[in-house]
Amino acid sequence: MLGATVAMLAAVGCAEDGVYIEVVADDLTDVELFVVRRGCDSQDTGGAMNPGANCRDGLQPEGFDGKVMGPIFIREQDEGEVWRVRVENGSAWFRFGLDPKFALQRVVVVGYNGASAVKAASLTQIDLDSSRKVIVELDEVVDWQSPTDEPSGKLALKRWGNGRCIGVREGIDAFFIVTEGDADCDGMRGQECDPLAFLVDRPIGTPCLSSEPGRCSVGSTACSETMMDPTASNTCLPGMYELDPDVCASCDGDPELYDCIAPVILDGTPKIECSFYYEPEGNDRSCLPGTLGARHPRITRVGFPGFCPSEFGIAAPMRPFDGFALTYTDPAWASVTLERIDGGALDCVKVLWSPVVVDGQQITPEGGQLLFWSTGDLVAPAHVIPVDIAFEPGCEQQEPTCRLVTP
């Protein structure tokens, strides 16, 4: 701590003992000081989820999408204390009642015209031993708006947290002066996911079931500072694949999540039932062109004239949520592919299959279960539904079919 509180004076002159900073501010209304007490250290990065966070990892202010590398300093002011004075007679005065041999390691001076910060100065190692008064003149500044801003020839300022935290950038160099106990000025004392990032969600990555916002999905555990009831304990951020509410009701909290999810989905409705045909004789299991079995079915809804989701994909039922694709191959039975029919307005998802080769021979397809994911025109309570695929011999029996069957 400094030897004494800074006295903020609006009168010209050095009438009392101490050392003074005079800020020349002819065209300003107010001047504020940010004075460094010490550098950021481990006591400022001990968030509940980040015991190993490091001040050298940078800081992410409000409105920035990433951290900015640069020194982080803890400001001298106590929490809620603002060192800001009105300008009178063209100057703003600050008195430091301390030993004149004390050197201020870093000070940022900000000049305001009303509520707007329009001028500033960044001062380092102000030696108060040589003079009882330091005169400061300010330069024009610009707003620092993103991590990639590199102002040429001007200081850029980033102020947030009701003015409690400030960032300064000049060219590629940047530094921050922040509040002790809340270095990112987000008000999350003791509940930080990242003590050096303003209101963030930090994914942890363990799969979990989420019922937010009002829908069931497989999401990922995270530490959240943005939930309505923020907490530093694990929350489950929603995933992009929507499931039937029965999945969340049945499997929430199950330690073997995927083992629980798969049978609940596969036993549910609606579902897609696909029947394909193959050639039982010879080396080629695919039906020859021109036969009924060689045609490619579209997914159709029973009793409904059209079905055309905007996005779709298929995946294995056990661990599908690492990503769906348009093609799935199981070396035990077949390769299944989904295609959009160009220009199709109704029933626009086409389903194809092709045999797989093992040891140089096409194997006989046996069928199996997949999951189908879609968004768009699917009238169902969930967007991930099972696909039952069956194969029968005989390419001349009838055309293949894929039907979306609802309860």
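Within each chain, residues carry numbers counting from 1 in the order of the written sequence. Residue-level local features of this predicted model are given only where pLDDT is at least 70; pairs of side-chain atoms are given and counted only at 80 or more, and the full residue set underlies all totals for whole chains, interfaces and linings. The side-chain quantities take in all heavy atoms of the structure and omit both hydrogens and water.

A. Inspection of the overall build of the chain at higher detail. To qualify as a helix, a DSSP run of H or I must reach at least 4 residues; to qualify as a strand, a run of E must reach at least 2; elements of each kind are numbered from the N terminus. Within the chain one finds two helices and 28 strands. Counting the 407 residues in the chain, one finds 49% classified as buried. Computed with a 1.4 Å probe, the accessible areas rest on the Shrake-Rupley method; for each residue, only the protein chains presented here act as cover. Surface exposure of the chain reaches about 19,300 Å², of which carbon and sulfur atoms provide 48%. Burial classes follow relative accessibility: with a 1.4 Å probe on protein chains only, a residue under 20% of its type's maximum area counts as buried, one over 50% as exposed, and anything between as partly exposed.

B. Quick look at the state of the cysteines. Two cysteine sulfur atoms form a disulfide, by the criterion used here, when they sit within 2.5 Å. Within this structure, the stated rule accounts for seven disulfides. Disulfide pairing places C216 opposite C248 at an S-S distance of 2.1 Å. Linking C216 and C248, the disulfide has an S-S dihedral of approximately 95° and is accordingly described as right-handed. Here C216 is found in strand β15 (residues 216–224), whereas its partner C248 is found in helix α1 (residues 245–251), with 32 residues between them in sequence. Through a disulfide, C251 is tied to C260; the S-S separation comes to 2.0 Å. Negative torsions about the S-S bond denote left-handed disulfides, and the value of about -85° found for C251 with C260 makes this one left-handed.

C. Quick look at helix α2 (residues 257–266). Counting buried positions along α2 yields seven of ten residues, so the element is predominantly enclosed. All of the buried residues along α2 are L257, Y258, C260, I261, A262, I265 and L266.

D. Main features of the pairing of strand β6 (residues 91–96). Of all six residues making up β6, six are buried, and the element is well covered by its neighbours. Residues S91, W93 and R95 line one face of β6 and the alternating positions A92, F94 and F96 line the opposite face, and both faces are buried.

E. Inspection of the side chain of K271 at higher detail. With respect to the helices and strands, the residue K271 is situated in strand β18 (residues 271–278). Among the polar contacts listed, one links the side chain of K271 to the side chain of D388, at a separation of 3.1 Å. Counted as a polar contact is a pair of N or O atoms within 3.5 Å, where, for protein atoms, one must be capable of donating a hydrogen and the other of accepting one, and residues adjacent in sequence contribute only when both atoms are in side chains.

F. Structural detail: the packing of aromatic side chains. The rule is short: rings of Phe, Tyr and Trp, with Trp giving its six-membered ring, pair when the centres are within 6.5 Å, and they are stacked under 30 degrees, edge-to-face over 60, tilted in between. Under the definition given, this model contains eleven aromatic pairs. Both rings, one in W144 and one in F176, keep their centres 5.7 Å apart while their planes meet at 20°; by these two values the pair is stacked. Remark: F176 occurs in strand β13 (residues 173–178) and W144 occurs in the loop between β10 (139–143) and β11 (155–160); sequence separation between them is 32 residues. With respect to burial, W144 and F176 carry one shared label: buried. Judged by centre distance (6.0 Å) and plane angle (35°), the ring pair of F324 and W373 falls under tilted.

G. Here's a closer look at a negative patch on the surface. Two distance rules govern patches: like charges are joined within 9 Å, and nonpolar side chains (Val, Leu, Ile, Met, Phe, Trp, Tyr) within 5 Å, applied only to residues with over 30% relative accessible area and no salt bridge. Criterion for a salt bridge: a side-chain nitrogen of Lys or Arg within 4 Å of a carboxyl oxygen of Asp or Glu. Charge convention: Lys and Arg are scored as positive, Asp and Glu as negative, and His as well as the terminal groups of each chain are ignored. Taken as the charge location is NZ of Lys, CZ of Arg, CG of Asp or CD of Glu. The grouping of D26, E137, D139, E170 and D173 at the surface amounts to a negative patch. Considering the arrangement of structural elements, one finds D173 in strand β13.

H. Up close: the side chain of D184. In this fold, D184 is placed in the loop between β13 and β14 (201–210). Within the buried core, D184 has no salt-bridge partner, and the shortest N-O distance to an opposite charge, that of R164, equals 7.3 Å. Contacts: residue pairs with any heavy atoms within 4.5 Å of one another. Not counting chain neighbours up to four residues away, the residues in contact with D184 comprise W160, C165, E192, D194, P195, L196, A197 and F198.

I. Here's a closer look at the sheet that holds strand β22 (residues 334–340). By this definition, two strands are paired if DSSP reports at least two bridges between them. Across the sheet, which stays open at both edges, the three strands sit in the order β21-β22-β23 with antiparallel pairing between neighbours. Looking at strand neighbours, the two that pair on one side only are β21 (327–330) and β23 (349–354), the edges of this open sheet. With direction set aside, neighbouring strand axes in the sheet form an average angle of 15°. Bridge count for β21 against β22 is four bridges, and the pairing is antiparallel. Note on geometry: axes are lines fitted to C-alpha atoms, helical ones only across the stretch in contact, with angles between N-to-C directions running from 0 to 180 degrees.

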